[in-house]
Amino acid sequence: MEKRLVTVGLVQMAMEESLEGNLKKAETMTAEAAAKGAKIVALPELFGSPYFCQIPSDPRAFASFAEPIPGPTTKRLSELSKKHQIVLVGGSIFEKASVGKHYNTACVFGPDGKTIGTYRKTHIPHDPAFYEQDYFTPGETGVRVFATPYGAIAVLICYDQWFPEAARLAALAGAEIIFYPTAIATSPTIAPVDAAIPEDWDNMWTAAQVGHAAANSVYIAAINRVGDEGEMHFWGGSFIADPGANMLVKGDDKEHVLIAECDLSYPKKMQEAWRFLSERRPEMYKGLTT
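Residues numbered from 1 in each chain as written. Predicted model: local features only at pLDDT ≥ 70, side-chain atom pairs only at ≥ 80, totals over all residues. Heavy atoms only, no water.

## Some thoughts on the environment of Q133
Consideration 1: Among the secondary structure elements, Q133 is positioned in the loop between β6 (115-120) and β7 (145-148).
Consideration 2: Judged by relative accessible area, Q133 falls into the partly exposed class, the value being 48%.
Consideration 3: Q133 sits 112 residues away from G21 along the chain, and the two C-alpha atoms are 27 Å apart. (Helix = DSSP H or I, 4+ residues; strand = E, 2+ residues; numbered from the N terminus. Buried < 20%, exposed > 50% of the residue type's maximum accessible area, 1.4 Å probe, protein only.)

## Some thoughts on the packing of helix α4 (residues 164-172) against helix α5 (residues 201-216)
Consideration 1: One can describe the packing of α4 onto α5 by two numbers: an axis separation of 10 Å at closest approach and a directional angle of 40 degrees. Classified by the angle between their axes, α4 and α5 sit oblique to one another. Considering how the two elements wind past one another, α4 and α5 form a crossing that is right-handed. Where α4 abuts α5, its residues P164, A167, R168 and A171 lie against H212, A215 and N216.
Consideration 2: Across the contact of α4 with α5, the residue classes break down as four nonpolar, two polar and one charged. (Axes fitted to C-alpha atoms, helices over the stretch in contact; angles between N-to-C directions. Parallel < 35°, antiparallel > 145°, perpendicular 65-115°, else oblique. Left-handed = near helix turned anticlockwise from the far one by under 90°. Contact = heavy atoms within 4.5 Å. Nonpolar A, V, L, I, M, F, W, Y, C, P; charged D, E, K, R; others polar.)

## A short note on the environment of K101
Consideration 1: Note that K101 resides in the loop between β4 (93-96) and β5 (102-109).
Consideration 2: Separated by 34 residues in sequence, K101 and Y135 have C-alpha atoms that sit 9.0 Å apart.
Consideration 3: Discounting residues that sit within four places of it in the chain, K101 has contacts with E95, K96 and T137.

## Observations concerning helix α3 (residues 72-84)
Consideration 1: Relative to the 18 Å expected for 13 residues at 1.5 Å per residue, α3 spans 19 Å between its end C-alpha atoms, a close match to the ideal helical length.
Consideration 2: Along its buried surface, α3 packs onto α1 (19-35), β3 (87-89), β4 and β5.
Consideration 3: In the segment just after α3, Q85 is the residue with positive phi, at about 55 degrees. (Expected span 1.5 Å × (residues − 1).)

## Focus on helix α6 (residues 266-274)
Consideration 1: Along α6, the residues classified as buried are P267, M270 and Q271. Here the buried residues of α6 occupy an arc of 100 degrees about the axis, which is enough to place them on one side.
Consideration 2: Those residues of α6 hidden inside the fold are in contact with α5, β11 (219-223) and β16 (256-263).
Consideration 3: The positive-phi residue at the C-terminal boundary of α6 is R275, with phi of around 60 degrees. (Arc of directions from axis to C-beta.)

## Description of the sheet that holds strand β9 (residues 177-181)
Consideration 1: Taking strand neighbours across the sheet as the criterion, the six strands line up as β7-β8-β9-β11-β14-β15 in an open arrangement whose pairing is mixed. Looking at strand neighbours, the two that pair on one side only are β7 and β15 (247-250), the edges of this open sheet. Between one strand and the next, the sheet's axes are offset by a mean angle of 20 degrees, whatever the strand orientation.
Consideration 2: For β9 and β11, the ladder comprises five bridges, and the chain directions are parallel. (Pairing = 2+ DSSP bridges.)

## Digging into the packing of aromatic side chains
Consideration 1: The full count for this structure, using the stated rule, is 17 aromatic pairs.
Consideration 2: Between F94 and Y135, the ring centres sit 6.4 Å apart and the planes meet at 75 degrees, which makes this aromatic pair edge-to-face. One end of the pair, F94, is in strand β4; the other, Y135, is in the loop between β6 and β7, and 41 residues separate them in sequence.
Consideration 3: What makes F94 buried here is its relative accessible area of 3%.
Consideration 4: Summarising the aromatic geometry, the rings of Y159 and F163 are spaced 5.4 Å apart at their centres and angled 75 degrees between planes, so their arrangement reads as edge-to-face.
Consideration 5: Assessed through its relative accessible area of 26%, Y159 is described here as partly exposed.
Consideration 6: Joined through ring pairs, the aromatic side chains of F52, F62, F65, F94, Y135 and F136 make up one cluster.
Consideration 7: If you follow R120 out to its NZ or CZ, it ends over the ring of Y103, 3.8 Å from the centre.
Consideration 8: Geometry around F234 places R225 over its ring, the cationic atom sitting 5.3 Å from the centre. (Phe/Tyr/Trp six-rings, centres within 6.5 Å; stacked < 30°, edge-to-face > 60°. Lys NZ or Arg CZ within 6 Å of the ring centre and 35° of its normal.)

Structure below.
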């Protein structure tokens, strides 16, 4: 099978207070990724603002950061993808939808600037410092795979990372790369379930997603923010893992653009060789949906 090479860029950035400041930074770093050959570029979760879910429902966040889709941010991202002729995974946006509903929504733009599709975050956490159920309605789009000029991709968002069912659905629908825009951090307000059990969230977060790559024979691209916001330390650690669970690139806790070349013929080869998808027994999995 002939190789299908595509260069992927991840924008690991720290967020400013203003939407305009974050959009300008995203534009600059996306241009850097494109200049390095990236044909698909991805931004972090809720990249247009500080992570406002640190506190329970805050009317100021709804007033300041929520916006419709299409809206100001999607307009800028559309222009950005067209300018550099890339597929742009626009992180995610605090979407102000109809009938008072709000979603955490990812948009994918094509090289022509047109919206290829959207995905609304399915799994919504509600933990100390991550009070997202006060802000977001659980998404109803289901897992979607987008056919782009540079490959078949799926976008899942942050907390979706901990649910292997979502990654499996994306792989079954033909995704070659699954992108996970993310906002994950450590905070002194986040207590472990049992203080006697040490927790390494960076290690858990990385291991869970590399496991998705291996179990589904797909590429995984995880994009986290960096910097300190209130008590939260966003550690970055963005990465791209291949279907063999090899780490192609891994970020530190500083702002930078990560670049990796992916061979999109590799997922199909692995799936045919190991048959993790074709040897499933769905009739035995009824307990997953009851």
